[in-house]
Protein chains: 2
Amino acid sequence: VTAAVAQPEGVEDHAELPRGFRAGAAKAGIKASGNADLSVIVVDGSEPASVAATFTTNRVAAAPVQVSRRHLEVSSGSESYGSARAFICTSGCANAATGDAGVKDQEALAEALAAAVGCAPEETLAMSTGLIGTRLPVDRIVPQIADLVSSGLSNPPGGLIDVARAMCTTDSRPKWATARVELPDGSTALTVSGVAKGVGMIHPRMATMLSFVLTDARVAPELLAEILRPVVAASWNQISVDGDTSTNDTVFLVASGAGSDAPIERGTPEAEALLLGVAAVARSLARQQASDGEGATTLITCTVTGAIDDFEARAVARSIVSSSLLKAAVHGRDPNWGRVLSAAGNAHLPDAAVLELGGMDSAIAGARAGTPVEIDVPRMRVSICGTLVFAGQPVDFDPTAVRGQMDAAEISIEVDLGAGDGAGEAFGCDLTEAYVVENSAYST
Amino acid sequence: VTAAVAQPEGVEDHAELPRGFRAGAAKAGIKASGNADLSVIVVDGSEPASVAATFTTNRVAAAPVQVSRRHLEVSSGSESYGSARAFICTSGCANAATGDAGVKDQEALAEALAAAVGCAPEETLAMSTGLIGTRLPVDRIVPQIADLVSSGLSNPPGGLIDVARAMCTTDSRPKWATARVELPDGSTALTVSGVAKGVGMIHPRMATMLSFVLTDARVAPELLAEILRPVVAASWNQISVDGDTSTNDTVFLVASGAGSDAPIERGTPEAEALLLGVAAVARSLARQQASDGEGATTLITCTVTGAIDDFEARAVARSIVSSSLLKAAVHGRDPNWGRVLSAAGNAHLPDAAVLELGGMDSAIAGARAGTPVEIDVPRMRVSICGTLVFAGQPVDFDPTAVRGQMDAAEISIEVDLGAGDGAGEAFGCDLTEAYVVENSAYST
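One structure accompanies this document, and this report is about it. Because the structure is a prediction, the values reported are computed rather than measured. Sequence positions are assigned chain by chain, starting from 1 and proceeding in written order. Chain A is the first chain written and ligand 1 is the first ligand written, with later ones labelled in order. For this predicted model, a pLDDT threshold of at least 70 governs which residues receive local features, and a threshold of 80 or more governs which side-chain atom pairs are given and counted, while totals over whole chains, interfaces and linings are taken from all residues. Note that the side-chain values use all heavy atoms of the structure and ignore hydrogens as well as water.

**Things to note about the relation of the copies chain B and chain A**
The relation between the two copies of this chain is a rotation about an axis and a shift parallel to it.
Piece 1. Once chain B is rotated about the relating axis by 180 degrees and shifted along it by 0.0 Å, it coincides with chain A to within an RMSD of 0.0 Å. Here the copies are linked by what is in effect a two-fold axis.
Piece 2. Contacts between residues were defined by any pair of non-hydrogen atoms, one from each residue, lying within 4.5 Å. Looking at chain B, 100% of its interface residues are interface residues in chain A too, so the copies touch through the same face. Here the copies are matched by least squares. The fit uses the C-alpha atoms of residues with pLDDT of at least 70 in both.

**Section: the packing of aromatic side chains**
Residue and element names in this part refer to chain A.
Piece 1. Only Phe, Tyr and Trp rings are paired, with Trp represented by its six-membered ring, and only when their centres lie within 6.5 Å; those with planes under 30 degrees apart are stacked, over 60 edge-to-face, the remainder tilted. Following the criterion strictly, the structure yields ten aromatic pairs over all chains and no others.
Piece 2. For the ring pair F55 and F252, a centre distance of 6.0 Å and an interplane angle of 85 degrees mean the geometry is edge-to-face. Here the residue F55 occupies a position in strand β3 (residues 49-55), and F252 occupies one in strand β10 (residues 250-255), the gap between them amounting to 197 residues.
Piece 3. Under the scheme applied here, a residue whose accessible area is under 20% of the maximum for its type counts as buried, over 50% as exposed, and between as partly exposed, the area being computed with a 1.4 Å probe on protein chains only. Judged by relative accessible area, which is 6%, F55 ranks as buried.
Piece 4. Residue F252 is classed as buried on the basis of its relative accessible area of 0%.
Piece 5. Ring pairing ties together the aromatic residues F55, F87, F212 and F252, which thus form one cluster. We count a stretch as a helix when DSSP gives it H or I for four or more residues in a row; a strand needs E for two or more, and each element gets its number in order from the N terminus.

**What about the pattern of salt bridges?**
Piece 1. The working definition used for a salt bridge is a side-chain nitrogen of Lys or Arg within 4 Å of a carboxyl oxygen of Asp or Glu. Evaluated as defined, the whole model comprises 36 salt bridges over all chains.
Piece 2. Between E374(B) and R59(A) there is a salt bridge, and its shortest N-O distance comes to 2.8 Å. Taken together, the residues span two chains, with E374(B) in the loop between α11 (362-368) and β12 (381-384) and R59(A) in the loop between β3 and α1 (63-76).
Piece 3. For E374(B), a relative accessible area of 53% translates into the label exposed.
Piece 4. Residue classification places R59(A) among the partly exposed positions, given a relative accessible area of 28%.
Piece 5. Linking E107(A) and R70(A) is a salt bridge whose minimum nitrogen-to-oxygen distance equals 2.6 Å. With a gap of 37 residues between them, E107(A) in helix α2 (residues 99-117) and R70(A) in helix α1 connect regions that are remote in the sequence.
Piece 6. Accessibility expressed as a relative area gives 27% for E107(A), which makes it partly exposed.

**A closer look at the sheet that holds strand β2 (residues 38-43) of chain A**
All names here are of chain A.
Piece 1. Pairs of strands are assigned from DSSP output, requiring at least two bridges between the strands. The strand order β1-β2-β5-β6 describes an open sheet built from four strands, whose pairing is mixed. Whereas interior strands pair on both sides, the edge strands pair on one side only; in this sheet they are β1 (21-26) and β6 (124-131). Pairs of neighbouring strands in the sheet enclose a mean axial angle of 10 degrees, with direction left out of account.
Piece 2. Of the strand pairs in this sheet, β1 and β2 are connected by six bridges, and their pairing is antiparallel. Considered in β2, the bridge of A26 is made with L38. Orientation is described by lines fitted to C-alpha atoms, with helices fitted over the stretch in contact, and by angles between N-to-C directions that extend from 0 to 180 degrees.

**Regarding the environment of A217(A)**
All names here are of chain A.
Piece 1. Mapped onto the elements of the fold, A217 is located in the loop between β9 (211-215) and α5 (221-234).
Piece 2. Of the residues examined, A217 reaches a relative accessible area of 0% and is grouped as buried.
Piece 3. Residues within four places of A217 in sequence aside, it is in contact with L190, A255, S256, G257, I264 and L274.

**Side note on helix α7 (residues 310-322) of chain B**
All names here are of chain B.
Piece 1. Here the expected span of a helix is defined as 1.5 Å times the quantity of residues minus one. For α7, which comprises 13 residues, the first-to-last C-alpha distance of 18 Å matches the rise-based estimate of 18 Å (1.5 Å per residue) to within 8%.
Piece 2. Within α7, eleven of the 13 residues are buried, which leaves it mostly tucked inside the rest of the structure.
Piece 3. Residues of α7 that are buried: F311, E312, A313, R314, A315, V316, A317, R318, S319, I320 and V321.

**Some thoughts on the packing of α5(A) against helix α6 (residues 269-291) of chain A**
Residue and element names in this part refer to chain A.
Piece 1. In the contact formed by α5 and α6, the axes pass within 10 Å of each other and the chain directions differ by 45 degrees. Judged on the interaxial angle alone, α6 and α5 are oblique. Considering only the axes of α5 and α6, their crossing is right-handed. Residue-level contacts link L223, I227, P230 and V231 of α5 to A271, L274, L275, V278, A279 and A282 of α6.
Piece 2. Following the grouping adopted for this structure description, the nonpolar residues are Ala, Val, Leu, Ile, Met, Phe, Trp, Tyr, Cys and Pro, the charged ones are Asp, Glu, Lys and Arg, and the polar ones are all others, Gly among them. Partitioning the contact of α5 with α6 into residue classes produces ten nonpolar, no polar and no charged. Orientation categories follow fixed angle ranges, with anything under 35 degrees roughly parallel, anything over 145 roughly antiparallel, 65 to 115 roughly perpendicular, and all other angles oblique. By definition, any crossing whose near helix is turned counterclockwise from its far helix by less than a right angle is left-handed, and any crossing with a clockwise turn is right-handed.

**A look at the interface of chain B and chain A**
Piece 1. Facing the 59 residues of chain B at the interface are 59 residues of chain A.
Piece 2. Seen at the junction of chain B and chain A, the total is two salt bridges.
Piece 3. Residues adjacent in sequence count toward polar contacts only when both atoms are side-chain atoms; beyond that, a polar contact is any pair of N or O atoms within 3.5 Å, and within protein one must be able to donate a hydrogen and the other to accept it. Across the contact surface, chain B and chain A share 26 residue pairs in polar contact (both at pLDDT 80 or more).
Piece 4. Every element with two or more residues in the side of chain B that touches chain A is listed here: α8 (324-331), α9 (337-345) and α13 (433-440) of chain B.
Piece 5. When grouped by side-chain class, the residues that make up the side of chain B that touches chain A number 23 nonpolar, 25 polar and eleven charged.

**Notes on the pairing of strand β15 (residues 422-429) of chain A**
Residues and elements named next belong to chain A.
Piece 1. Of all eight residues in β15, six are buried, a share of seventy percent or more.
Piece 2. Pairing between strand β11 (residues 299-307) and β15: seven bridges, direction antiparallel. Bridged to I300 within β15 is G428.

Coordinates in, geometry out; function isn't part of it.
Encoded structure:
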């Protein structure tokens, strides 16, 4: 299995468990296909790992999201970071909109995992994906958890690959990325390795679809959360497959500390180096999710420059890759720049929580949330696959040549707003007949 | 040609020119098909008509939108109401993103129309629809305007039907609705008759796709604007075909005054009766647009009750009919209530301009714009085609029976949030392979 689009520079195309973790997957009978659907990651050693988390902002949050928030709060007083000793991911059943019974199911899995690992249930975290409204087959999963922890986590390098595969639902291929972090102080080399799944109901707002990002860095939970927030704002919050934000979106960034004795401190070159590693892995995973969008054949990368600030640039880029009409035009290899302009003209800043995640001051975020991005059309420049097609007014270009350039696994749309220094990017995919077919016959 | 869905009670299924107007259409060579593509409506008599208007909030506003806003401002000092003597609609070319040259083209059409009618260019208003980024064939259109005004407006009852047909682009059928307004004071019976076109790039925000709504009522422009605003908020701003807000959305509500000598005054039962007539026509046209969405086979009507207020109810209803996944599920006749819940959980209030259009105080609108709608899942109830499928938790129901009920031209989704007295509705359509095919091969 290979990714459809090349990995960005500095990111390795595999999943490799960093020091301090064991991981593995098993078949628990959740997926109708009978494929592996249960993943467990366990923290080695006597100390729990530091964890930073982001979750969906969908008001219909799934049971694993509710339970994980509560467990983090027990460990730290915050829902967005804390510590944990074990993680579980179930695939094939979202355990969303299942009421109190669904929460009890999720707690039963936490208890089983805690018993197998030898920790408190509150030291476990969970994520889940699949059909909304169905119950987890708890009786089938619980024995598999015990077996997996006792004997199924024996192959550390391959364990994370197994997790990447078991997380998948409608994904056509697993998603992974690994970065090496050379600490500026020369003390050690760290690993950041992430896995993720997509690929429908993808329009993350504040959080994302499922992803684990693991590192052997030693870093406190609060600093880990400070690293995760801008990374999510620039990566997963900038992808869209179908405009629907899932009930289950979850990212866990987990640091085992096994790579060094001295913790990484806030404001140091080492913290910056770790952030860059996490960002590279997150960006790669987000691109893999967008390129593997349900029914998709083409990754759309939109880069916006010349915005008033980065927030407006990101909003415009995201609006463009989210446009159904632009997505259909890309599918038809149609350099329809009118749809790029129209989508740019519809861009609005996201809600306050998303703006704050990206680093905006909360008072300003409240005032700017949901406001339209002003566009000065005469200053706009648009290029498709490197060919200038609009510069304040229509530009003569050879559509046949651009169609030829668009016949690729990844196409680029570059927009310069001509208003300032803000820049941002977003990733999407084409809209195809296969998306409709896949989603017309999914559930019951 | 018949509408796919029945007209609501109290609305007649035809277009009929109210007293005080002449109208007609001609072939000006804008559409590649050679079909009629130029429409003109002229106000009879010595007095101009009162006009209320709403336009797209897309920041890339088309030239006809820019020119019409300026002309209204000349007549009244406001962009949202004024007076006018003639209207032009061109179809097949949006005249959007065409720069200064496109504005000059539009002004040339205004001058030609004014010369033919015998008024000032600023007493004309325009709307346009079609491909973004192409120029109007002004040289071909100008002589047709003169011919049409001098000899083509001779058949008043049929004239508005011709306009309804000539406006269409990817529409499969023209859209019209007529209501009779019996004034409570018994003085006269008025007519409100509207025409509209769709059916792609339909996700109106503040305004709508193209529509003319004509009446023979005598009413001042300011009051007409007060009538139009809540009507648009409840009708056109509640439909979605593909999530893309057009660059050209325009509604003109035009009152000739030919039906009575005494003007309708603010706060009277007569003003209320007129509002109800306009609202009935607007709701019918919006439903026709949604049901004829590109590639669509099914109208989705979503009714939300039990919200904190009507604004939140409308936001939830619109979020549900806008969900790609729910739209695909309806296409597959899949009673996938999980996608209803997920879409409800993603609802956000619109931006401040849209909230103010719906009647919210501007200071409150600024604070609430873009905020998420809080959803208390245990209180939620969802019905599909009248069958309860969720009541705080999954409900046992016969999916085969519901699939059978969904095999209809219109399907209903009812959501009760259990939180208050707010209610609202929204209209959408299913997402089909045909939508993708149509939009993969549209332009160049």
